[in-house]
Amino acid sequence: WARVVSDTPRPSLAADVVAIAFDGDGLRVLLVQRGNQPFAGKWALPGGFVEAGESVEQAAARELAEETGLTEVAVEQLHTFSQPGRDPRGWVVSVAHLALVRMSEQVPAAGDDARRAEWVPLKKARELAFDHAEALERALARVRARAERLPFGQELLPVRFTLRELQALHLAVLGEALDKRNFRKRVLSWPALVPLDDRETGVRHRRARYYRFDGRRMRPFSRAETGES
């Protein structure tokens, strides 16, 4: 048995990260400009090969830190890309991961073999290296499914936020107009949404109340609820 296993060709294993943030108006994805071949100079998701003794999640978090400087970011498995020929260097299977990030708390800085690392608006995230465009689309589909079904926004919004900011986030994710009255009625029914005593200051319009999410009341996401298989 050992001889059979050792003689069987095996792929290299990689991990990539689709890190998504909200800038107050729209969504952004964290991209790196590759410094080495293949696809030198092209934009790509941060990622790299899994090292001995690592899980794919550990490799994803490590590569994210090495290439962009982002640390202490929670990652979750998104999809495994195993199409033959997806990597010009040879047989490489990559496990893509999703990370939702508060943009104000994570400023990217290029490292390792990346020339640049930037939060790129989704509309400008085009012609990515490898099959990273497909990974990005899968990540956005998962985020949209969550925004449609469950209390959503804790990872992307500031710790305290207004209902206007929460609605702007849902608009950016879902890509469609939301009726203000119905939206507020829906979100105010969430047990996890906690009103605060303080309000906006230094604004010309009516000062809006701040809210926060109670993480203890946030329901965990399940595959059934997000339409994932």
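Before reading further, recall that the structure is shown in the block above.
Anyway, here's the lowdown on the structure attached to this text. (Residues numbered from 1 in each chain as written. Predicted model: local features only at pLDDT ≥ 70, side-chain atom pairs only at ≥ 80, totals over all residues. Heavy atoms only, no water.)

### Digging into the side chain of D214
As for its placement among the helices and strands, D214 is situated in the loop between strand 9 (209-213) and helix 6 (223-226). A residue is classified by how much of its surface remains accessible, and D214, at 6% relative accessible area, is buried. Of the polar contacts made by the side chain of D214, one reaches the backbone nitrogen of R216; its length is 3.1 Å. Discounting chain neighbours no more than four positions away, the residues touching D214 are A192 and V194. (Helix = DSSP H or I, 4+ residues; strand = E, 2+ residues; numbered from the N terminus. Buried < 20%, exposed > 50% of the residue type's maximum accessible area, 1.4 Å probe, protein only. Polar contact = N/O pair within 3.5 Å; in protein donor to acceptor, adjacent residues only side chain to side chain. Contact = heavy atoms within 4.5 Å.)

### Looking at the packing of aromatic side chains
Throughout the structure, instances matching the rule amount to three aromatic pairs. Where F39 meets F130, the ring centres are 4.8 Å apart and the plane angle is 70°; that geometry is what we call edge-to-face. Taken as a pair, F39 in the loop between strand 2 (27-34) and strand 3 (43-44) and F130 in the loop between strand 7 (114-121) and helix 3 (132-149) lie far apart in primary sequence, 91 residues in all. Pairing F161 with F213 gives two aromatic rings, centres 5.1 Å apart and planes at 35°, and the pair type is tilted. (Phe/Tyr/Trp six-rings, centres within 6.5 Å; stacked < 30°, edge-to-face > 60°.)

### Some points on the nonpolar core
The nonpolar side chains of a soluble globular protein tend to be buried with one another. Ranked by internal contacts, the top residues of the largest apolar core, which has 38 residues, are V18, I20, L166 and F213. Residue contributions to this core peak at six residues, all from helix 3. Judged by nonpolar contacts, the second largest core, of 14 residues, contains A15, A60, V75 and W119. (Core = buried A, V, L, I, M, F, W, Y, C linked by side-chain atoms within 4.5 Å.)

### Thoughts on the packing of helix 4 (residues 163-174) against helix 5 (residues 180-187)
Interhelical geometry of helix 4 versus helix 5 gives an angle of 105° and a closest axis separation of 11 Å. Here helix 4 lies roughly perpendicular to helix 5, going by the angle between them. Listed contacts from helix 5 to L163, R164, L166, Q167 and H170 of helix 4 are K180, F183, R184, R186 and V187. (Axes fitted to C-alpha atoms, helices over the stretch in contact; angles between N-to-C directions. Parallel < 35°, antiparallel > 145°, perpendicular 65-115°, else oblique.)

### A word on the pattern of salt bridges
Under the criterion given, the structure shown has 16 salt bridges. Between R149 and E148 there is a salt bridge, with its nearest N and O atoms 3.5 Å apart. The class for R149 is partly exposed, based on a relative accessible area of 45%. Among the residues examined, E148 registers a relative accessible area of 48% and is labelled partly exposed. For R216, the salt bridge goes to D214, with nearest N and O atoms at 3.2 Å. Look at R216 and you get exposed, because its relative accessible area is 75%. Three or more residues are tied together by salt bridges with common partners; here these are E51, E54, R62, E63 and E66. (Salt bridge = Lys/Arg side-chain N within 4 Å of Asp/Glu carboxyl O.)

### Concerning the pairing of strand 2
The buried count for strand 2 comes to seven of eight residues, which makes it a mostly enclosed element. Strand direction decides the pairing type here: strand 1 (residues 12-22) and strand 2, joined by three bridges, are antiparallel. Looking at strand 2, one finds that I20 is bridged to V29. Counted between consecutive antiparallel strands, the loop separating strand 1 from strand 2 contains four residues, among which G24 sits at a positive phi close to 105°. Direction of pairing for strand 2 relative to strand 7: antiparallel, over a ladder of seven bridges. (Pairing = 2+ DSSP bridges.)

### A closer look at the side chain of Q167
Here Q167 is to be found in helix 4. Classification of Q167 as buried rests on a relative accessible area of 13%. For Q167, the contacting residues outside a window of four places in its chain are L178, D179, K180 and F183.

### Some words on the environment of F81
Within the secondary structure, F81 is located in strand 5 (residues 76-81). A residue is classified by how much of its surface remains accessible, and F81, at 6% relative accessible area, is buried. For the pair formed by F81 and D131, sequence separation is 50 residues and the distance between their alpha carbons is 8.2 Å.

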